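Below are the chains, spelled out letter by letter.
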Amino acid sequence: MSRDQILAALRQNQPEPVPLPASIPLERIEALELQAKFKTMAEGIGSIVHLVDEFAAILPLIEARFSKEKRVLSTVKELVSAAIPAFELHADPHSYADVDVAIFKSGLGVAENSALWLTEEQMGIRVLPFITQHIVMVIPLAALVPDMHTAYQKIGEADYEFGTFIAGPSKTADIEQSLVLGAHGPRSMTIFVYA
Amino acid sequence: MKRIGLFIPCYVDQFYPNAGIATYQLLKKLGLDVTYPAGQTCCGQPMANSGFEHLTGDCNQLFVDNFAEFDYIVSPSGSCVLHVKEHLHTVNSEDQAAGIRKKVYELVEFLVDVLQVKNLKAKFPYKVGLHQSCHGQRGLLLTQMSELVAPYFSKPQQLLAQVEGLELIELKRTDECCGFGGTFCVVEEAVSVKMGKDRVKDHLTNGAEYITGADMSCLMHMEGILKREKSKVKVMHIAEILNAG
Amino acid sequence: MNTETKTHPELSEIFNKDEQRVNWHDETLWWIRQKRDKSAHSIPEWEMLREKASQIKNNALSNLADYLVSFEEKALANGIIVHWAADAAEHNRIVHGILEKHGIRQMVKSKSMLTEECHLNEYLEKQGLEVIDSDLGERIVQLAKEPPSHIVLPCIHKKKEEIGDLFHEHLGVPAGTSDPQILTEAARQHLRETFLTRKAALTGVNFAIAETGEFVVCTNEGNADMGAHLADVHIACMGIEKIIPKRKHLGVFLRLLARSATGQPITTYSSHFKKPRAGQEMHIVLVDNGRTIQMGREDFRASLKCIRCGACMNTCPVYRRSGGHSYNYAISGPIGAILAPNLDREKYADLPFASTLCGSCSNVCPVKIDIHQQLYKWRQVIVQEGYATSSKKMSMKLMNYTLSSPGIYRTAGKAGRWVLKHIPFAVNNQFNPWYKQREMPEAPKESFGEWYKKNVK
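Residues numbered from 1 in each chain as written. Chains lettered and ligands numbered in written order. Predicted model: local features only at pLDDT ≥ 70, side-chain atom pairs only at ≥ 80, totals over all residues.

1. Structural notes on the interface of chain C and chain B
In many analyses, interface size is given as the accessible surface area lost on bringing the parts together. Opposite the 65 residues of chain C that make contact, chain B presents 61 residues. When the residues that make up the side of chain C that touches chain B are grouped by side-chain class, the tally is 35 nonpolar, 18 polar and 12 charged. (Contact = placed C-beta atoms within 7 Å. Nonpolar A, V, L, I, M, F, W, Y, C, P; charged D, E, K, R; others polar.)

Next comes the structure, spelled out in structure tokens:
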């Protein structure tokens, strides 16, 4: 009922169709040094960034940094050790409520804002990147793109069920505009960019 | 020689004749043929901005009758000029109204864009704060707007830079509204006054001896506040500074 | 405080009784405007980006019916249940119905200005249901029993000490706590408990994609995701104007949204919900509530392009000095003042006049809505529909009478400067609001016209 009324009213009241703009995505006017820009932007919004020469260097760094945390999970099969068990899927998302650290691998990072793209497949379970106290992301240098236009070009018509851009730890400035990291989601975000 | 019709807005005519006189003298100094049509009153903006644009028909016709014959219409008020540009319409002489909408200029833009004045012989040895009146700035593009990502320019500053001895002060907020806003200043008295106080304070904190601008209405508003605060700082229309010395 | 019956000028006057607080409110929001400027200036192609966003929105509005049909078709195929609501009441009934079907009495909700517009919380509470707002700012105003005063920064009007008092009373933090870090941590613990125990979560929608049937929700706190991914039922509510044609257009809007709102390069989370998770039920409610009517108003249609960034509020010199509650509408500030009259011209007759028409709002708008031009146009509509006060009507007629006749104008001018009594800044001179805090201009001995007559031959 309402559906048909709304659509009829729109067809009555809409203006003449106007075309979509040509040429999206835009060409960036400014040449961008991807790695440096990514790092600057990420640190600017509270992420911790490690640029590492090889993938093998990452695991010891994670182990050292989070040695005191109780429940650490890795969704990245190359980043699993005695201290860092592999993620196992439980249907009930609540069972991840006590996760301290969760590790993910992103295949797309955006230099202009340091956002990293994760799809449900890469998350293990949707709630994990949000419910964990600390989030660790690894991304190959080659997966960095300059801006959101190129990011969506790369995403293309991918048929994910759920996907998200994550830029930094969860945060709020609702109290007198004082920035506080760790609103409802992770309190910190550590990013490893590897060559 | 091109003929210039001088449009002196009603409140300038009645309260700030010196701004009108300075405008007239300045244009004469530049060798122009300037006439003040005696039958003029107002552009109709006070009514239109209050939602009574439908009552401005007679006022608009009067404006057309007074100014249609000139090559340029020049006025020392960005706000009134913008109103004419955007809203001057008449039932019987729409062609003439359309012509006026194209040939009406605010004084500063006329000096900079049409006359391309580069060397004013003026002297004003004081510290001056420049108020960017919104309609002149955002409506007539007298100065680049701080909101936009675009190269900076300022036509009033270009002219003030030609005045000997004048020191332009920096403001903390370069283009915030003074809160006059026509009927806004009485309908929204509390906010209007607060906006005016804040604007004046910015000028005072940064050492202005005079506050100037291309719109007398904003200056009148700030003057009302300066006087109530018993400040020695004065307001002066930009025409008076450009005509000084 | 009952603000329902007071006008914007009256509420602003109350707000301005505490000048220090006005200064604080103004400076806080101006600081956000400056962050926005800095962020915008870091993108050389910013103005072109605004133009593209505007064009995409124009296209979306001009094909909205088709895009909605496409969105619905794709969303259904993706396993999302789609509802349509003609107005606020129907929207509220739909949400209630979904909760009832599942026997759910408690729901967690992330930010949705649409549900504020529809007064969903009040409605559900009357039905005996509990709604907890999970955005920190919204939770704070909910505890204070106030509406949000800003669409992006709901409790921007509150001081940390006041928030401390609220949290002391409701969340048990020690009396006198005012450290934002500690207060935020207390809210985190309280709301985590909420997220973990609620079976239904409601979120807003920032963008819905006609091409794919997915919708995008942007937050910094992660509260929309925490709610949605833990709940058995996810309800997403959106105004029908949230549709954009293609996924790739998100590239344009996500570059603009957070930079315009707070100066951040992007929100922490930009979550793309395409299909419900296994075992979850996902609903989307498409709401009209006056939007189709606004679509038919040529002068005001562009207000439907709004992406709710709040930049126009932060830059508005009036909003900064009157506070969001002075607008009496779910969406405050300049954009609220052009949206509200669509719903009720009489009730919101004062809002289009709560502006100096300075135009700053239109300049910061990421989708280039001509906000200040619409404010001017609403004034004309409101007056013509008879919602101007009668004293204003009289003074305007008198002014027109005088200004239309040079003879009367000159006589009036001579008689003690007619303008002093009748020009807008001095109308209603029985109370003379100009003079309350400002000196009147001094009447000179002669007008310009008189000088000219004497001195120019």
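2. What about the domain arrangement of chain B?
Residue and element names in this part refer to chain B. Domain parsing of chain B yields domain 1 (3–114) and domain 2 (127–243). At the interface, 26 residues of domain 1 touch 23 residues of domain 2. If you list the elements that add at least two residues to the side of domain 1 that touches domain 2, you get helix H1 (10–15), helix H2 (17–29), helix H3 (45–52), helix H5 (78–87) and helix H7 (107–114). The element best represented in the side of domain 1 that touches domain 2 is H2, accounting for 6 residues. The class makeup of the residues in the side of domain 1 that touches domain 2 is 15 nonpolar, 9 polar and 2 charged. (Domains from an automatic or database assignment. Helix = DSSP H or I, 4+ residues; strand = E, 2+ residues; numbered from the N terminus.)

3. What about helix H1 (residues 8–15) of chain C?
Restricting attention to buried positions, one finds in H1 of chain C the residues His 8, Pro 9, Leu 11, Ser 12 and Phe 15 of chain C. Each buried residue of H1 of chain C sits inside an arc of 165° when the element is viewed along its axis, so together they form one side. Elements that come into contact with the buried residues of H1 of chain C comprise helix H10 (184–187) and helix H11 (189–205) of chain B together with helix H2 (19–41) and helix H15 (319–322) of chain C. (Buried ≥ 20, exposed ≤ 12 C-beta atoms within 10 Å, placed from the backbone. Arc of directions from axis to C-beta.)

4. Considerations on the nonpolar core
Residues and elements named next belong to chain C. Residues Phe 215, Met 238, Ile 243 and Phe 253 are the most contacted members of the largest nonpolar core, which totals 281 residues. A total of 8 residues in this core trace back to one element, the largest contributor, which is helix H12 (residues 250–261). Residues in contact with Phe 253, not counting those within four places in the same chain, are Ala 53, Phe 207, Ile 244 and Ile 307. (Core = buried A, V, L, I, M, F, W, Y, C linked by C-beta atoms within 7 Å.)

5. A short note on unusual backbone geometry
For Gln 177 of chain A, which is not glycine, the phi torsion reads 60° and is therefore positive. Among the secondary structure elements, Gln 177 of chain A is positioned in the loop between strand E9 (171–172) and strand E10 (180–181). Overall, Gln 177 of chain A belongs to the partly exposed group, with 15 C-beta atoms counted inside 10 Å. The backbone phi angle of Arg 308 of chain C is positive, close to 60°, even though this residue is not glycine. Structurally, the position occupied by Arg 308 of chain C is in the loop between helix H13 (291–296) and helix H14 (311–315). With 20 C-beta atoms packed within 10 Å, Arg 308 of chain C lands in the buried category.

6. Focus on the sheet that holds strand E8 (residues 167–168) of chain B
Residues and elements named next belong to chain B. Strand order in the open sheet formed by 4 strands is E8-E6-E9-E10, and the pairing between neighbours is parallel. Looking along the sheet, the strands with just one partner apiece sit at the ends: E8 and strand E10 (234–237). Where strand E6 (residues 127–131) and E8 come together, 2 bridges link them in parallel fashion. Bridging across to E8, Val 128 finds its partner in Leu 168. (Pairing = 2+ DSSP bridges.)

7. Side note on the domain arrangement of chain C
Here the domain parsing of chain C yields domain 1 (43–289) and domain 2 (402–455). Between the C-alpha centres of domain 1 of chain C and domain 2 of chain C the distance comes to 53 Å.

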